[in-house]
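Spelled out, the chains give:
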Amino acid sequence: MTPPVDQRRWLSELQKLIANRLDESSLAGRSLTAILGDAPSTYAKSPRLWNAAFEGLKLPARYLPLDIPPGKLPGVVRLLRENPSFLGGSVTVPYKIEILKLLDEVDPLASKIGAVNTLFRTEQGGLVGTNTDGLGGVQGIVSPLHSGETPLLASLRGLQVVLMGCGGAAQALAFFLAQEIGKEGAITVSNRNLNRASELCERINASGLTKATAMGENRLRPPLLSADLILNATTKGQAGWRRVGEGWTSLEPYSAVSPAEPSVISGEVTDEGERRRLWLERSRGDIERNQKESAELLAQVPVRTACCDIIYAPLETVFLRHARMSGHPTLNGKAMNILQAAEAFCRYTCKGLLQKEGFEGPKILQRVSQIMEEVW
């Protein structure tokens, strides 16, 4: 078992490694859970969802966003492992793959996918990684949150799917999609780095689930024109700043179906207004090119083609706006976000805590999903 720690000292050490401020007073006497990413405090819905579930079920726990700068992830994971009050939590961009080598164990599902989005603690004190992204994503497409609503697609079996992205969420989605598509269909994986797309496709093809083909993001037109489902799992379109080396950039004004080359503003520019002004001034031409290509391309894609984006901030990305305005059925990342979070909460991170407090059985997953949707 992990020995007890001095909570105040532990929080002080954690604070040195992260970029956002923690509210120490809200953590006293509670178990801890968290989301690990580059800047989840600025966009992630998870803190609101998890904390609402804790409050709704009257569980003594709290969920924290941890904004982790480059190079600090190993230190953060070490500190989390040392504190027995830490039950686990979530992993988001850009650490879903990097964290694999820092954990005590990675379950077979996450190992197969090659990425982790969920953490939980064993009785022996080790940290284990698993993945609920793929399950949440597929369920969101074929099973709407509310009974009676029409799903984006009734089934994925035999479809031609274009998946944009090769990050942790994309890899999880790829394997779950492949399983649902089956050998009657096929999946095209597009990525800026073609080698990464090829590696992912090799693993999908080796699984025997479906046929996968890699494609550079500048050659998307042919597969898009014959696709039944276009799914964005890149960060193009996501709100907020993204760190690039020592600088900052944004991908929010970009569509996923066209390449993006935004300007990077030096980290020395600390004034938010000036940073935004400089970034837009230097990126405007590339944004206009990207959006023009996107609108023209999606207008050529058959209107029957469904378009889905795992991004939920904003609720409608540039990709989805262009898709909706050109007649396509669309779906944002809200359902996936809620479903994967409820799955992680009930079946992994908080399973022991729920059992201790008398919450067991399949109905608790439904209850947690409902609470999370209410506050989303």
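Residues numbered from 1 in each chain as written. Predicted model: local features only at pLDDT ≥ 70, side-chain atom pairs only at ≥ 80, totals over all residues. Heavy atoms only, no water.

(A) Representation of the nonpolar core. One finds Ile-141, Leu-153, Leu-156, Leu-177, Ile-187, Leu-229 and Leu-231 to be the most contacted residues of the largest nonpolar core, which totals 35 residues. Within the residue set of this core, elements represented by two or more residues are helix H5 (133-142), strand S7 (160-164), helix H6 (168-181), strand S8 (186-191), helix H7 (194-207), strand S10 (229-232) and strand S14 (306-309). With 32 residues, the next largest nonpolar core counts Leu-49, Trp-50, Phe-54 and Met-372 among its residues. (Core = buried A, V, L, I, M, F, W, Y, C linked by side-chain atoms within 4.5 Å. Buried < 20%, exposed > 50% of the residue type's maximum accessible area, 1.4 Å probe, protein only. Helix = DSSP H or I, 4+ residues; strand = E, 2+ residues; numbered from the N terminus.)

(B) Up close: unusual backbone geometry. Put simply, Val-93 and Pro-94 share a cis peptide bond, and its omega is 5°. Following the sequence through the fold, Pro-94 ends up in the loop between strand S3 (86-91) and strand S4 (105-106). With an omega dihedral of 5°, the bond running from Ala-313 to Pro-314 counts as a cis peptide bond. Its identity is not glycine, yet Lys-58 carries a phi of approximately 55°, on the positive side. Following the sequence through the fold, Lys-58 ends up in the loop between helix H2 (46-56) and strand S2 (61-67).

(C) Representation of the state of the cysteines in the model. Tallied over the full model, the rule gives zero disulfides. With no disulfide partner, Cys-307 has as its closest neighbouring cysteine sulfur the one in Cys-308, 9.0 Å distant. Residue classification places Cys-307 among the buried positions, given a relative accessible area of 0%. Between Cys-350, a free cysteine, and Cys-346, which holds the nearest cysteine sulfur, the sulfur-to-sulfur gap is 7.9 Å. (Disulfide = S-S within 2.5 Å.)

(D) Broad picture of the sheet that holds strand S6 (residues 127-130). If you walk across this open sheet you meet the six strands as S2-S1-S3-S5-S6-S4, and the pairing is mixed. The open sheet is flanked by S2 and S4, the only strands paired with a single partner. Here two bridges tie S4 to S6, and the two strands are oriented parallel to one another. For Val-106, the partnering residue across the bridge sits in S6 and is Gly-129. Each of strand S1 (31-37), S2 and S3 touches H2; the most contacted strand, S2, lies at about 170° to it. (Pairing = 2+ DSSP bridges. Contact = heavy atoms within 4.5 Å. Axes fitted to C-alpha atoms, helices over the stretch in contact; angles between N-to-C directions.)

It is worth stressing that arrangement in space is one thing and function is another; only the former is reported here.
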